[in-house]
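Structural overview
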Amino acid sequence: MRAEIQTIVADIEKSLDLLAQRMNWETAEFRLEEFNARVEDPNLWDDPAAAQKLMRDRQSLVDAIDTYKGIRQDLDDSVELIEMGEMEEDEEVVTDAENTLKALKEKAAKKELEALLDGETDANDAFLEIKAGAGGTEACDWASMLARMYVRWAESRGFTVDLQEEQGGGEAGIKSATYQIKGHNAYGWLKSESGTHRLVRISPFGKGTRETSFAAVGAYPVIDDNIEIEVNPADIRIDTYRSSGAGGQHVNTTDSAVRITHTPTGIVVTSSEKSQHQNRDIAMKALKSRLYQMELDRRNAEVNALHEAKGDAGWGNQIRSYVMQPYQMVKDLRTNFETADTKGVLDGDLDGFMAATLAMKVAGKSRADAQGED
């Protein structure tokens with residue numbers, strides 16, 4: 001077996017070791033049997049919240065076991081084929097098996113990163129907020145480009161995207177938008193996107209000048225029903241109003257939009273895409289998510305640093321730079337991960353950036369550490 005392929009096999013083995021460690025492979029099958037027994041309990045759904053959590057936990061374990069077994073089987077089969085091909089001097093068999101191993105290495109590395117999404121709310125759905133920074137039309141247009149980028153990223157992963165609120169930018173783009181992204185590990189991936197995103201390009205609005213625009217992105221976990229968040233009714237103000245979105249299918253014809261202001265913290269959440277009753281429920285859920293995130297920030301220094309990086313949409317709080325003129329480059333300022341494929345990134349190809357940030361956090365490195373390695 002060639003040295004290159006031996007290295008690939010070793011890398012896959014390392015990924016398998018981490019996957020096994022994360023799910024405690026030695027007891028995984030036993031725990032699955034326990035889950036299956038509890039699922040058969042006729043009284044399971046007497047407590048719907050507990051039942052839903054049990055089903056999610058069981059499915060996560062099933063997925064982890066199936067992933068580990070699948071990668072292990074593919075690895076063993078490919079190594080066996082290479083050995084047989086070399087013995088029989090069949091280069092076609094060897095080449096096909098080597099190509100399979102190369103693809104398997106990428107899959108194993110991706111699953112390894114997903115296994116690291118084991119935070120308290122990493123598996124949850126997410127609220128994603130996008131706000132234009134200073135700069136008028138240019139910034140509003142940039143905010144709409146980011147919104148499109150994240151929608152495409154979410155859809156490429158099979159996630160469901162619900163627009164909760166949108167405020168139009170006047171001449172072009174949006175001043176702000178809030179989405180609920182529904183899917184396994186949605187928050188775990190999107191939390192790395194919180195921060196200020198900077199765009200450099202030639203203005204498309206007739207100026208012909210190179211312009212720099214900013215927009216702020218914030219991701220927050222959707223809180224499970226089994227997590228109690230107390231909100232004092234005296235601390236909130238609820239307003240209804242007519243939506244001022246971008247138009248089209250999202251135009252409201254009645255004053256059904258809801259805005260909730262949490263006085264002690266200054267948090268403002270809105271929902272304007274459904275009935276007033278539904279919007280009130282959605283906005284309250286978003287408020288609880290924000291309050292829960294604040295509590296996580298206080299308890300967890302790492303999460304605190306991540307969300308403090310969001311800050312104001314301006315020069316001093318950037319996490320990523322998107323340069324379209326005079327050259328093409330998207331670079332994450334925390335990890336130094338970069339690509340010249342600006343079109344691909346703006347079309348939703350974000351996995352490399354998210355994975356690099358997650359890997360940096362897992363390795364315990366700071367932003368300064370990553371920049372020092374550049």
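Here, every reference points to the structure presented above.
This is a predicted model, so every value here is computed, not measured.

Calculation notes
Within each chain, residues carry numbers counting from 1 in the order of the written sequence. Totals for whole chains, interfaces and linings use every residue, but because this is a predicted model, local features are given only for residues with pLDDT of at least 70 and side-chain atom pairs only at 80 or more, for both listing and counting. Side-chain measures were taken over the full set of non-hydrogen atoms in the model, leaving aside hydrogen atoms and water. Only DSSP runs of H or I with at least four residues qualify as helices, and only runs of E with at least two residues qualify as strands; both kinds are numbered from the N terminus onward. Accessible area is worked out with a 1.4 Å probe on protein chains only. A residue is then buried under 20% of its type maximum, exposed over 50%, and partly exposed in between. Only heavy atoms matter for contacts: two residues are in contact if any of them lie within 4.5 Å across the pair. We get accessible surface area from the Shrake-Rupley algorithm with a probe of 1.4 Å; when it comes to residues, only the shown protein chains can shield them. Here, nonpolar core refers to any group of buried Ala, Val, Leu, Ile, Met, Phe, Trp, Tyr and Cys residues whose side-chain atoms link them within 4.5 Å. Each domain's extent was defined by an automatic or database domain assignment. A carboxyl oxygen of Asp or Glu within 4 Å of a side-chain nitrogen of Lys or Arg is what we treat as a salt bridge. Criterion used throughout: strands pair if DSSP finds at least two bridges between them. Angular values range over 0 to 180 degrees, each being the angle between N-to-C directions of two axes fitted as lines to C-alpha atoms, with helices fitted over their stretch in contact. Expected helix span is given by 1.5 Å per residue-to-residue step, counting one fewer step than there are residues. Distance and chemistry together define a polar contact, namely a pair of N or O atoms within 3.5 Å, with one atom able to donate a hydrogen and the other to accept it when in protein, and with adjacent residues in sequence counting only for side-chain atoms on both sides. Here is the rule for handedness: rotate from the far helix to the near one, and if that takes an anticlockwise turn smaller than a right angle the crossing is left-handed, while a clockwise turn gives right-handed. Two kinds of site are reported from a 1 Å grid over the protein atoms alone, namely cavities, where a 1.4 Å probe fits but cannot get out, and pockets, open sets with protein on both sides within 12 Å along at least five of seven lines, and residues are called lining when an atom falls within 4 Å of a point. Grid points are joined across faces, edges and corners, and a volume is the space filled by probe spheres set on the points.

**Side note on the overall build of the chain**
When helices and strands are tallied, the chain shows 11 helices and 11 strands. Taken over 374 residues, the chain has a buried fraction of 44%. When contacts within the chain are restricted to residue pairs at least 6 apart in sequence, those whose partners lie at least 24 apart make up 64%. Accessible surface, the chain as shown: approximately 18900 Å² in total, 47% of it carbon and sulfur.

**Examining the nonpolar core**
Counting 40 residues, the largest nonpolar core has Ile130, Leu146, Tyr150, Leu190 and Tyr322 as its most contacted members. Counting only elements with at least two residues in this core, the list comes to β1 (126-132), α5 (137-156), β3 (174-182), α6 (186-190), β5 (210-221), α9 (342-346) and α10 (351-362). Two domains each provide a minimum of three residues to this core, namely domain 1 (3-116) and domain 2 (126-225 + 312-371). Apart from the residues lying within four places of it in its own chain, the contact partners of Ile130 are Ala143, Leu146, Ala147, Tyr150, Lys175, Ser176, Ala177, Tyr179, Ala216 and Val217. Counting residues in hydrophobic clusters, the runner-up holds 27 residues, among them Leu19, Ala28, Leu61 and Val79.

**Things to note about the pattern of salt bridges**
Scanning the model with the defined rule gives 22 salt bridges in all. One salt bridge connects Arg2 with Glu4, and the closest N-O pair in it is separated by 3.1 Å. The class for Arg2 is partly exposed, based on a relative accessible area of 39%. A salt bridge links Asp57 to Lys53, with the shortest nitrogen-to-oxygen separation between them at 2.9 Å. Here Asp57 pairs with Lys53, and both are found in helix α3 (residues 48-88), just 4 residues apart, close to one helical turn. Taking relative accessible area as the criterion, Asp57 reaches 31% and is therefore assigned partly exposed. What makes Lys53 partly exposed here is its relative accessible area of 36%.

**Structural notes on the pairing of strand β8 (residues 267-271)**
Most of β8 is tucked away, with 4 of its 5 residues classed as buried. Both strand β7 (residues 257-262) and β8 contribute to a ladder of 5 bridges, which runs antiparallel. Across the sheet, Arg259 pairs through a bridge with Thr270, a residue of β8. What sits between the antiparallel neighbours β7 and β8 is a turn of 4 residues, in which Gly266 has the positive phi angle 80°.

**Considerations on the sheet that holds β3**
Taken together, the 8 strands give an open sheet; going across it, the order is β2-β3-β1-β5-β4-β9-β10-β11, and neighbouring strands pair in mixed fashion. This sheet does not close on itself; its edge strands, each paired only once, are β2 (160-168) and β11 (338-339). Sheet topology note: the strand β4 (residues 195-202)/strand β9 (residues 318-323) ladder contains 5 bridges and is parallel. Bridging across to β9, Thr196 finds its partner in Gln318. Where α5 meets the sheet, its contacts fall on β1, β2, β3, β4, β5 and β9, and the angle it forms with β5 comes to roughly 45°.

**Focus on helix α4 (residues 91-115)**
Under the 1.5 Å per step criterion, the end-to-end length of α4 is 36 Å for 25 residues, consistent within 8% with the ideal 36 Å. Of all the positions in α4, only Val94, Ala97, Glu98, Leu101, Leu104, Ala108, Leu113 and Glu114 are classed as buried. At the N-terminal boundary of α4, the capping side chain belongs to Asp90, with an oxygen 3.2 Å from the backbone nitrogen of Glu92.

**Here's the deal with the packing of helix α2 (residues 25-39) against α3**
For the pair α2 and α3, the least separation of the axes is 10 Å and the interaxial angle reads 140°. Judged by the sense of rotation from one axis to the other, the crossing of α2 with α3 is left-handed. Across the interface between the two elements, Trp25, Ala28, Glu29, Arg31, Leu32, Phe35, Asn36, Arg38 and Val39 of α2 pack against Leu54, Met55, Asp57, Arg58, Leu61, Val62, Ile65, Tyr68 and Lys69 of α3.

**Quick notes on the layout of surface pockets**
Counted as a void, the largest pocket has a volume near 1400 Å³. Considering the residues around the largest pocket, the lining is formed by 42 residues, among which Arg56, Ser60, Ala123, His184 and Asn185 are closest to the centre. Elements represented by at least two residues in the lining of the largest pocket include exactly α1 (3-23), α2, α3 and α4. With 12 residues, α3 is the largest single contributor of residues to the lining of the largest pocket. Two domains each put at least three residues into the lining of the largest pocket: domain 1 (3-116) and domain 2 (126-225 + 312-371).

**Notes on α3**
Between its first and last C-alpha, α3 extends 59 Å over 41 residues, near the 60 Å set by a 1.5 Å rise per residue. Following α3 by one or two positions, Glu89 adopts a phi angle in the positive range, close to 55°.

By themselves, these figures tell us nothing about what the structure is for.
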